[in-house]
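So the chains spell out like this:
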Amino acid sequence: MTGGVLALGLAIVLSGAGAIGAGAASDHAPGSPTDLRVDEAVAPLWVTATPTFGWIPVDTDRDEIQTAYEVVVASAPTTDPNASTVLADTGRVSSSAESSVAVAHLRLKPDHRYWWTVRTWDRAGTRGAFAKPQPFDTALGDGDWHADWIRRPEPPSNPREDYFLLRDTFTVGGSAIVRARAYLSAAQQYELYVNGTRVGGGPSYSYPDEQYYTSTDIAPYLKPGLNAIGMIVHNLGPGQGRPAEPPGAIAHLTIDHRDGFRQTFTTSGRWRVHEGPWLPATARNDEGDYVENIDARLLPPSWATASFDDSTWEHALVVGAHPVAPWTHLIAQRTQIVEKPVKPVSFRRLANGAYVADFGSVIAATPQISLHAGIAGRALTLLQGYLLDPGGAVSTTKGTQETDMHDSYVERAGPQTLRPFGYLGFRYVELTNPGEILHASDVVAYARHAGMPGDDASTFTSSSPILNRIWELARHSALYGSQEQFVDTPTRERGQFGQDSSNTSSVTQVAFAERNLTWQALRDFARSQKRYWPDGRVNAVYPNGDGKRDIPDLTENYPIWVMRYYDITGDRSELATLYPVIRNVASYVARAISPAAGLVTNLPGGGGDYNGGIVDWPIQERFGYDMTTVARTTESIIAIEMFRELRDAARALHRPAREIDAYATRATALTKAVNTRLRRPDGVYIDGLHQNGTQSTHASQQANAYALAAGIVPASDRETVVAHVEQLGMATGPDIAAVLLQGLHASGNDDALVKLISNPKIPGWAQILSRGATFTWESWDARDVYGDSESHAWGSTVLPALTTDVLGVSVTKPGASEVTVAPPTLSTVTSARGRLATERGPVAVAWKRIDATHFKLDLTVPDNVVAHITVPAHATSDVFENGSTVLASLASGRVQDGTLRFTVGSGQYSLDIRPRPIADDVLHASGASNVGRWLAFVVGALVLLFLAAAFVAFARRRRAAA
């Protein structure tokens, strides 16, 4: 009997050796970590404070986790923790953390290059090899510049804006250059030239007492001997997305040589300055931008080269050494603009001699045209646009966003390049008759956007062509809505608005693994509270020319945005930094809760069309929402989610229990009040309460979508609310359409969600695609509404929905230590394939529904990640891998309503799921599906009987011996 029990137990153990989720038969040492990042960037040049480190562990074994790490920081590349160049070594730290890792007692000098590496230990405690050391550079603190702020000594001849040129020469030593950095800032923006080559530009718009600066690698552009540096500085004055500040510029260049010699060159009174060749021009629109009117005769072609004679230029006026008012604080910018040349897909000459280039889609870009036979004084007009008139010319009446999109140019003699300073969003470029033959190769658009960690970090394709087009539309739009800061639109309002920024950020973090533009935006809006809002609000747009401006429900959404960043990154340190700001927001909202109604009532702020809250935008996209209500349903439901997020933030930061409970209590009380006061008898939500306490008679899609998304709809009424939402079609604007998608998904209606997204006959993404959109729009009818934008990235939020609801993968624990993979059951989509970039590496998913009884799922789970899987199955024995039924691996799986839920660790999985017919469920569930459990029970019982018998026999022998 004993031998039989042992044999049976051994057979069961061996049957699980190759099972899903089972540990590897033998352990392999971890490989060298990859994707080494400092402050969420690879080899950054701008590290100033104590940096954080991140990496991706590598291990070939399944179910692997990182149990420890060791980070080494040194002044030279090394993988030896005992090397003399090592500045800090964490030693073995028991932790699964692989991002936002701080190194204690690390002291770094400004303006230096450092190197770092990391190794990890796996589940079995086996140590891996160090990664190849990677560099990072520290930048400058306020006391490290040793440079002057300078500007033109004379006021500009253009009263509206100031363009001026700065230059200086310097001699570079003969020893090889090993590192060369340029730290620059300007009020408000600059272009940098080194030895005549345009190198870059910046910075992001900011207030002068919190001015951004950029760090640029200039080593490739330098040469031994005499060199030249040049800057074009543009001060546009106050406007949308930029505050007023006086013109000025500052530069600090450091050149390190192989022989150890360091050279430093900074702005001073020896620099030369000259007014730029931009003449006074008319306004583009009412947002503070101006047409560019360039006279090339005033710009010597070699002005930025070392050979240029600048003796007739003025010496720069020195404002003072940094820090000096108004520039009292400089902040290293974590992102920079990247440009890529885009060639026209078509180029043709019109009957009037003008040329029109089509770049295939709307992009944010600066056009550049090579002219070969310029005639001094000949005037040209450059026109950018979104649409063509019937004759093929770029339209000046359609798709203009109330913006004059032309620039003027006066030629100088000979070959030259026509290139404006600024950028716009456009698809087409028209050049009036240049008096010479041009070819497509003479025209290029330098498309620009914030640098992203990976342009294709996440991917998506499915059996639905329209969903694939919508994904690409959203991806493209979010990319070009990301400039020095998130922008409203690259054409009309190039300002950082809260709603636009939050929406675009939700997409860039998913699509491109972007982190630092979001980090910057969150900190910008946090600073707005300190600057303007002692009552806890944040600005609606920041920075901005009109200073103090808020929209109440945008303030409510700010903590939700903060927590979304935390959920994606797991960066508890940054959450702690922003926690006082979101706590102030919560206090502002709490004060507006009416004691009588228990609802958010007359939330202070806004004005005009935004008074008390924006709800949806533009106005026509409110679809009749009752704006006469003082206790708006949307604001109370946003507040519920906001208080929940504060609860989770407080919990993550280990705040006192009473603080956590207070936020939870707020959310619970508001939920009860909303469900008591803001619903019709049939359970459908109305738009709010009027001043006299009566209910609005209007039941908007917005109110009900928010309720579904927040999960506050009682189960008994969910079907009614969903039916109400579905019958309205698309009755939310692009700015909050994501809430509608979240609501449908949260209520288990992914099929309705896909049909809504895909329907070209109703407002939505499919419809604007059918009308030729290549960029998401400000409103579903933007082409028909004068002034509405056809380049508004806030409508790109469909992309995360496609990732979660069609591809079926989402992050479910901060920092992606846990993910969920749940391919949906859809009537119109039979397969999907793609990957989701997470903080711990990409999760790759490919699913295919072959027929009603056959489903396939291929899955790659990164190391140190746990995946919770949901597949259609009636029993664990319906799941096969490599042709074998998998049992032991799914022992903890749970079957309910035709789905199997189970958990796996890291590794690659290729699953074949063949659910048995529903009629077999009872037999299957009670028999074969539970073979593993029955065998375990029998084995356990036999073992107990054996042990009991052995104990009795032993006792008898003891008594007999006694």
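Residues numbered from 1 in each chain as written. Predicted model: local features only at pLDDT ≥ 70, side-chain atom pairs only at ≥ 80, totals over all residues. Heavy atoms only, no water.

A. Just the overall build of the protein chain, in detail. Of regular secondary structure, the protein chain possesses 16 helices and 44 strands. In summary, the protein chain has a C-alpha radius of gyration of 32 Å against a globular reference of 30 Å for 962 residues, a match within 12%. Principal axes of the C-alpha set define a box for the protein chain whose edges measure 120 × 75 × 60 Å. By the burial criterion, 58% of the 962 residues in the protein chain qualify as buried. Of the contacts formed within the protein chain by residues at least 6 apart in sequence, a portion of 73% connects residues at least 24 apart. Here the protein chain holds 85 positive side-chain charges and 100 negative ones, and the gap between their average locations is 6 Å. (Helix = DSSP H or I, 4+ residues; strand = E, 2+ residues; numbered from the N terminus. Rg over C-alpha atoms; globule rule 2.2 N^0.38 Å. Buried < 20%, exposed > 50% of the residue type's maximum accessible area, 1.4 Å probe, protein only. Contact = heavy atoms within 4.5 Å. Lys, Arg positive; Asp, Glu negative; His and termini not counted. Charge placed at Lys NZ, Arg CZ, Asp CG, Glu CD.)

B. Spotlight on the pattern of salt bridges. In total, this model carries 52 salt bridges according to the counting rule given. In this structure, Glu 493 and Arg 492 form a salt bridge, with 2.8 Å as the shortest nitrogen-oxygen distance. Accessibility assignment for this pair places Glu 493 and Arg 492 in one class, buried. (Salt bridge = Lys/Arg side-chain N within 4 Å of Asp/Glu carboxyl O.)

C. Looking closely at the sheet that holds strand S1 (residues 34-38). Across the sheet, 3 strands lie side by side as S1-S2-S6; this open sheet has antiparallel pairing. Of all strands in the sheet, those with a lone pairing partner are S1 and strand S6 (101-102), marking the two edges. Where strand S2 (residues 52-56) lies against S6, 2 bridges are found, and the strand directions are antiparallel. The residue of S6 that forms the bridge with Phe 53 is Val 101. (Pairing = 2+ DSSP bridges.)

D. The sheet that holds strand S20 (residues 314-315), seen in detail. Judged by pairing direction, the sheet is antiparallel, and its 6 strands sit side by side in the order S13-S12-S15-S10-S18-S20 without closing on themselves. Whereas interior strands pair on both sides, the edge strands pair on one side only; in this sheet they are strand S13 (197-202) and S20. Direction of pairing for strand S12 (residues 189-194) relative to S13: antiparallel, over a ladder of 5 bridges. Among the inter-strand pairings, Val 194 is bridged to a residue of S13, identified as Thr 197.

E. Expanded view of helix H12 (residues 750-758). Of all 9 residues in H12, 7 are buried; the element is thus mostly enclosed. By the burial criterion, the buried members of H12 are Asp 750, Ala 752, Leu 753, Val 754, Leu 756, Ile 757 and Ser 758. Those residues of H12 that are buried are in contact with helix H2 (465-480), helix H10 (715-727), helix H11 (737-746), helix H13 (765-770) and helix H14 (798-807).

F. Structural context of helix H7 (residues 633-652). Across its 20 residues, H7 extends 29 Å between first and last C-alpha, which sits within 8% of the 28 Å expected from 1.5 Å per residue. Of all 20 residues in H7, 15 are buried, a share of seventy percent or more. Immediately downstream of H7, the backbone of His 654 shows phi near 60 degrees, a positive value. (Expected span 1.5 Å × (residues − 1).)

G. Local environment of the packing of helix H3 (residues 498-511) against H14. For the pair H3 and H14, interaxial distance at closest approach is 8 Å and the crossing angle is 45 degrees. Comparing their axes, H14 and H3 come out oblique. Two secondary-structure elements touch here, H3 through Ser 506, Val 507, Val 510 and Ala 511 and H14 through Leu 799, Pro 800 and Thr 803. Grouping the constituent residues of the contact of H3 with H14 by class yields 5 nonpolar, 2 polar and no charged. (Axes fitted to C-alpha atoms, helices over the stretch in contact; angles between N-to-C directions. Parallel < 35°, antiparallel > 145°, perpendicular 65-115°, else oblique. Nonpolar A, V, L, I, M, F, W, Y, C, P; charged D, E, K, R; others polar.)

H. Layout of the environment of Ser 817. Along the polypeptide, Ser 817 turns up in the loop between strand S34 (809-811) and strand S35 (818-821). Ser 817 gets classed as buried once you look at its relative accessible area, which sits at 17%. Between the C-alpha atom of Ser 817 and that of Asn 864, which follows or precedes it by 47 residues, the distance is 6.7 Å. Apart from residues no more than four positions distant in its own chain, Ser 817 is found in contact with Arg 840, Asn 864, Val 865 and Val 866.

I. Examining the pairing of S2 more closely. Most of S2 sits inside the fold, with 4 of its 5 residues counted as buried. With 3 bridges connecting them, S1 and S2 associate as antiparallel partners. Looking at the pairing, Val 38 lines up with Phe 53 of S2.

J. Molecular detail of unusual backbone geometry. For the peptide bond that leads from Ala 187 to Gln 188, omega is 10 degrees, which places it in the cis range. Relative to the assigned elements, Gln 188 resides in the loop between strand S11 (177-187) and S12. Backbone torsion omega between Trp 617 and Pro 618 reads -5 degrees, so that peptide bond is classified as cis. Its place among the elements puts Pro 618 in the loop between helix H6 (572-590) and strand S32 (631-632). Located in the positive-phi region is Ser 100, a residue other than glycine, with phi close to 55 degrees.

K. Main features of the packing of aromatic side chains. Within this structure, the stated rule accounts for 25 aromatic pairs. Ring geometry for Phe 53 against Phe 136: centres 6.0 Å apart, planes inclined by 75 degrees, an arrangement best described as edge-to-face. Taken together, the residues Phe 53 in strand S2 and Phe 136 in strand S8 (residues 134-137) connect sequence positions 83 residues apart. Of the two residues examined, Phe 53 and Phe 136, each falls in the buried class. Between Tyr 163 and Trp 278, the ring centres sit 4.1 Å apart and the planes meet at 10 degrees, which makes this aromatic pair stacked. Of this pair, Tyr 163 sits in strand S10 (residues 162-172) while Trp 278 sits in the loop between strand S18 (272-275) and strand S19 (293-295); the two residues are 115 residues apart in sequence, bridging distant segments of the chain. Put simply, the rings of Phe 53, Trp 55, Tyr 69, Tyr 114, Trp 116 and Phe 136 touch in pairs and so form one group of aromatic residues. (Phe/Tyr/Trp six-rings, centres within 6.5 Å; stacked < 30°, edge-to-face > 60°.)

L. Structural context of the environment of Ile 369. Summarising the element assignment, Ile 369 is placed in strand S25 (residues 355-374). As a C-alpha pair, Ile 369 and Phe 53 span 316 residues in sequence and 43 Å in three-dimensional space. Setting aside anything within four residues of it in sequence, one finds Ile 369 in contact with Leu 382, Gln 416, Thr 417, Leu 418, Leu 431, Leu 438, Asp 442 and Val 443.

M. Highlighting empty space enclosed by the protein. Taken as a whole and judged by the stated rule, the model has 6 cavities of 30 Å³ or more. Of the pockets and cavities examined, the largest cavity occupies roughly 70 Å³. Lining of the largest cavity is provided by Gly 498, Gln 499, Ser 502, Phe 525, Val 538, Asn 539, Leu 554, Asn 557, Tyr 558 and Trp 561. When residues in the lining of the largest cavity are grouped by element, the largest group, 4 residues, is from helix H5 (residues 552-569). Partitioned by chemical class, the residues of the lining of the largest cavity number 5 nonpolar, 5 polar and no charged. In this model, the second largest cavity occupies a volume close to 60 Å³. In terms of lining residues, the second largest cavity is bounded by Pro 30, Pro 57, Val 58, Asp 59, Glu 64, Ile 65, Gln 66, Thr 120, Trp 121, Asp 122 and Asp 863. (1 Å grid on protein atoms, 1.4 Å probe; cavity = no way out; pocket = protein on both sides within 12 Å on 5 of 7 lines; lining within 4 Å. Points joined across faces, edges and corners; volume = space filled by probe spheres on them.)

N. View of the side chain of Asn 704. Here Asn 704 is to be found in helix H9 (residues 701-710). Overall, the relative accessible area of 0% leaves Asn 704 in the buried class. There is a polar contact of 2.8 Å between the side chain of Asn 704 and the backbone nitrogen of Tyr 685. Contact partners of Asn 704, with chain neighbours within four places excluded, come to Val 684, Tyr 685, Ala 699, Val 721, His 724 and Val 725. (Polar contact = N/O pair within 3.5 Å; in protein donor to acceptor, adjacent residues only side chain to side chain.)

O. Quick look at the nonpolar core. Tyr 558, Phe 643 and Trp 765 are the most contacted members of the largest nonpolar core, which totals 179 residues. Among all residues touching Trp 765, those that are not within four sequence positions of it are Ile 470, Leu 473, Met 730, Ala 737, Leu 741, Ile 757, Thr 776, Trp 780, Gly 795 and Val 798. Counting residues in each nonpolar core, the second largest holds 32 residues, with Val 103, Ala 139, Trp 145 and Ala 332 among its members. (Core = buried A, V, L, I, M, F, W, Y, C linked by side-chain atoms within 4.5 Å.)

P. Inspection of the side chain of Gln 767 at higher detail. Tracing the backbone shows Gln 767 in helix H13. Residues contacting Gln 767, with those up to four places away along its chain left out, are Asn 759, Pro 760, Lys 761, Ile 762 and Trp 780.

Q. Structural view of the environment of His 105. Relative to the helices and strands, His 105 resides in the loop between S6 and strand S7 (113-121). For the pair His 105 and Ala 88, spaced 17 residues apart in sequence, the C-alpha to C-alpha distance is 7.3 Å.

R. A look at the packing of H6 against H7. Axis separation between H6 and H7 bottoms out at 10 Å; the angle between their running directions is 140 degrees. Crossing geometry of H6 relative to H7 is assigned as left-handed. Contacts from Arg 572, Leu 575, Tyr 579, Ile 582, Arg 583, Val 585, Ala 586, Val 589 and Ala 590 of H6 reach H7 at Ala 639, Met 642, Phe 643, Leu 646, Ala 649, Ala 650 and Ala 652. (Left-handed = near helix turned anticlockwise from the far one by under 90°.)

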